[in-house]
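Structure at a glance
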Amino acid sequence: MQRRTLLQAGAATLLVPLAPAQSQPAPPPVITAAAANSPNAGPGQITAFLRIGQDGMVDFASPVTEMGQGTHTAHAMIVADELDVPLAAVRVTAGQPEPALRLQPVGEMYSGASFGIRFWHDRIRRASAQARMALRAAAAERLGAPVGELTTSEGRVLHAASGRSLAYGELVDLAARLPLNDQPQLKPASARRITGRAAPRADIPAKTRGAAIYGHDVKLPGMAYAVARLSPVFGAELESFDRASIAGLRGLIDVVPLPNGVAVVAENTWAAMQGAQRITLRFKPTPDQALDSAELSRRLQAGLAAPEAFRGKNDGDIEATLRGAAKVVEATYEAPYLAHAPMETENATVHIQGDRVEVWCSTQHQDWCIRDAARVAGVPRENVRIHTPMTGGGFGRRLVTTIVEQATTVAKAINRPVKLIWTREEEFAQSYWRPAFAARIQAALDAQGKVVGLNLRAAGQSVMGDYRPALFAGPLRGNDPFSLQSISDTRYRFGAFRAEWHRVQAAPKVWLWRSVGSSQYGFFLESFLDEVALAANKDPLALRQELLAHDPRALNVLNTAAREGGWGSPAPAGRHRGLAYVECYGSLCAQVAEISVTGRDIRIHKVTVAVDCGDVVNTDTVAAQMQGAVVWGLSAMAAEHITLKDGAAIQRNFDTYPILRINQAPQVDTHIIRSGEPLGGIGEPGVPPLAPAVCNAIFAATGRRLRSLPLVDQGLHV
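Residues numbered from 1 in each chain as written. Predicted model: local features only at pLDDT ≥ 70, side-chain atom pairs only at ≥ 80, totals over all residues. Heavy atoms only, no water.

Points about helix 5 (residues 168–175)
Among the 8 residues in helix 5, 6 count as buried, and that is most of the element. Residues of helix 5 that are buried include every one of Tyr168, Gly169, Leu171, Val172, Leu174 and Ala175, and no others. Contact partners of the buried residues in helix 5: strand 1 (50–52), helix 2 (71–83), helix 4 (121–143), strand 4 (150–153), strand 5 (156–159) and strand 6 (164–167). (Buried < 20%, exposed > 50% of the residue type's maximum accessible area, 1.4 Å probe, protein only. Helix = DSSP H or I, 4+ residues; strand = E, 2+ residues; numbered from the N terminus. Contact = heavy atoms within 4.5 Å.)

The structure is reproduced here in structure tokens:
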């Protein structure tokens, strides 16, 4: 496309008004047999997931949100393969919460922990097989032929002996009334023609045309627009606001107080933004209003020496092992708060009509949105319906549903449908960050340089304490699974091994951030293992091979990355390599980073990735997720961090929180290993190895060991 053509097309797109969300094309007329109380019930419903129209189109109610990671395309591939329909005949949208679409054992519909494929793959395949068998049974009845003589292909049931066939659309009426087979016959892997290969992403064409509907694009008749202005100090409550400070604002409708700020409501977004910027607010003082980054670091370091800690691993006698070691290697690492910084800021649209509520929100947690809207509106949960548009980035941030609570409060106050948004500044200021963490690690070496013990003490805030406080305080008994993630369950064998975590208290809320605790511990442990290799006079790859000698699967991943990344062979002139291996979310990932250093400038030329996620649905998605994870991890380690001053974040936009630019992105070569093990996640495992691989390469190039991030704080630039 010529640049002029692109600009003309863009201009034309801007002139086209966005269609209301409810004006999207309705599904074709079909016949239903769904339970009356199912929120996903509709014509042609054969299973909780699937609805088939008389035109042969298949509508799949996905249990997860599409956040740009290709999950809905993978779901369509699974359905098309098992149901025997063309991939183009499957339409996927996020469904309404109901038992079949809720993640177990928590019983909630949400998207996180790289569960989109690995948890739902078998369930989707089974539901599709049930539908296929019901269609075959219906065809057998219609054709008067034995079921065993019937086959399916391209959305039709075929009877080869008579040459007759029926389209699925002709059979849904009868099939929807037949009982489902509890033990459906799944296709063998050899018969699958779509999954396990590359397929184009279903969401890309609409995004390319600017036709995709995100939360910010939702528009309802008679809708008002609201912009939040919230306390920049964590935990501060609203004391008062001065309505007179925005008197005369054209288009102003109202100012609605919120617990930690206000929402300025107007007839258009611009007026609401202007009002939110200009309004005068007063907040109540808080105990942590003087918190700064230096004090937070002191708390983290104090936690490394605190007498109390949760012990996640305690194999052997680590004290005796350290005392008897020929050499002890010790280092302390620290990682900062990190924001999610999705391109689409927080937003929600709410319409209250009597005792019924509709919510439009680009969310990762449909059930929590419904919970919050129902509580504020004072209606039963079953009276709330949620629509999930496409999401402009999530990374864990959209598991927070405060925006729905606030939007429902505003809609209730003004008695009109309303869209509430947070500006970029509010997005950064309201925390929910990846926690800042510190770790002190000791390794015991024997006289031959073999690792015979490892002792790790970490300190940081609790994600689970904020995310699910009742579970953290109750059944988990203070055990936050993210606090020692990828450490207490590592495949490495160190001999004596202790891993502990001390909980640090601070006002900012911490949250699930892409790969969560694994992102910190990948940096901590994999950087430290390079220090151990140096002390033992061993190659970093050889040391890891010793620690994984018992585990062929992990060794294969490590060795594949090393081989494909050129480890052990001379690097191009001026380049140096670093290696790291991390397992998380059911997948094993190793990376080799190839860099060059000129003064204080670091150039990451190439990252070689080996990943074993068991099996693969869409190979293109795996490669894309590895590319995205490498860029995400590199951006975070290069310059991202939240700095605190007077209880607030200094960084409030991308001018002070820079993210990686396209000219800084490296070449990423991905090598997929199909081990046949249970499916693992793919959205998060590519993040943790990146930072240590690059830092280890920096050491190889300069002899400088980096024990805290980001690089910009060390005077280095990517």
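Details of empty space enclosed by the protein
By the definition in use, this model includes 5 cavities of 30 Å³ or more. There is about 150 Å³ of room inside the largest cavity. Along the wall of the largest cavity there are 16 residues; nearest its centre are Leu338, Arg434, Ser519, Ala636 and Leu709. For the lining of the largest cavity, the secondary-structure elements that each account for two or more residues are helix 15 (517–535) and helix 18 (619–639). For the lining of the largest cavity, the class distribution of residues is 11 nonpolar, 3 polar and 2 charged. Lining the second largest cavity are Ser486, Ile487, Thr490, Arg491, Tyr492, Tyr521, Gly522, Leu525, Glu526, Tyr581, Val582 and Glu583. Where the lining of the second largest cavity is concerned, the elements lending two or more residues are helix 15 and strand 21 (576–584). Sorting elements by how many residues they give to the lining of the second largest cavity places helix 15 first, with 4 residues. For the lining of the second largest cavity, the residue count by class is 6 nonpolar, 3 polar and 3 charged. (1 Å grid on protein atoms, 1.4 Å probe; cavity = no way out; pocket = protein on both sides within 12 Å on 5 of 7 lines; lining within 4 Å. Points joined across faces, edges and corners; volume = space filled by probe spheres on them. Nonpolar A, V, L, I, M, F, W, Y, C, P; charged D, E, K, R; others polar.)

A short note on the side chain of Gln45
Looking at where Gln45 falls in the secondary structure, it is placed in the loop between helix 1 (3–15) and strand 1. Of the polar contacts made by the side chain of Gln45, one reaches the backbone oxygen of Thr47; its length is 2.7 Å. Among the polar contacts listed, one links the side chain of Gln45 to the backbone oxygen of Ala48, at a separation of 3.2 Å. (Polar contact = N/O pair within 3.5 Å; in protein donor to acceptor, adjacent residues only side chain to side chain.)

What about the environment of Val359?
You can see Val359 is positioned in strand 15 (residues 356–360). Its relative accessible area of 1% is what places Val359 among the buried residues. Sequence separation of Val359 and Asp601 is 242 residues, and the distance between their C-alpha atoms is 47 Å. With sequence-adjacent residues up to four places away left out, Val359 is seen in contact with Thr349, Val350, Ala373, Val384, Arg385, Ile386, His387 and Val404.

Things to note about the pairing of strand 10 (residues 261–266)
Looking along a regular strand, one sees side chains alternate from face to face of the sheet. Counting buried positions along strand 10 gives 6 out of 6 residues, so the element sits mostly inside the fold. One ladder, built from 6 bridges, connects strand 7 (residues 224–230) with strand 10; its direction is antiparallel. Residue pairing in the sheet places Leu230 in a bridge with Gly261 of strand 10. Judged from the 6 bridges that link them, strand 9 (residues 252–258) and strand 10 form a sheet pairing that is antiparallel. (Pairing = 2+ DSSP bridges.)

Observations regarding the side chain of Arg553
Note that Arg553 resides in helix 17 (residues 552–564). A residue is classified by how much of its surface remains accessible, and Arg553, at 17% relative accessible area, is buried. Beyond its immediate sequence surroundings of up to four residues, Arg553 is in contact with Arg491, Gly586, Leu588, Asp612, Cys613, Gly614, Ser675 and Glu677.

Regarding the packing of aromatic side chains
Applying the stated rule across the entire model yields 21 aromatic pairs. An angle of 75° between the planes, with centres 4.9 Å apart, marks the rings of Phe119 and Trp120 as edge-to-face. Both residues of the pair, Phe119 and Trp120, count as buried. Ring geometry for Tyr521 against Phe524: centres 5.7 Å apart, planes inclined by 85°, an arrangement best described as edge-to-face. Of this pair, Tyr521 and Phe524 both sit in helix 15, 3 residues apart, roughly one helical turn. (Phe/Tyr/Trp six-rings, centres within 6.5 Å; stacked < 30°, edge-to-face > 60°.)

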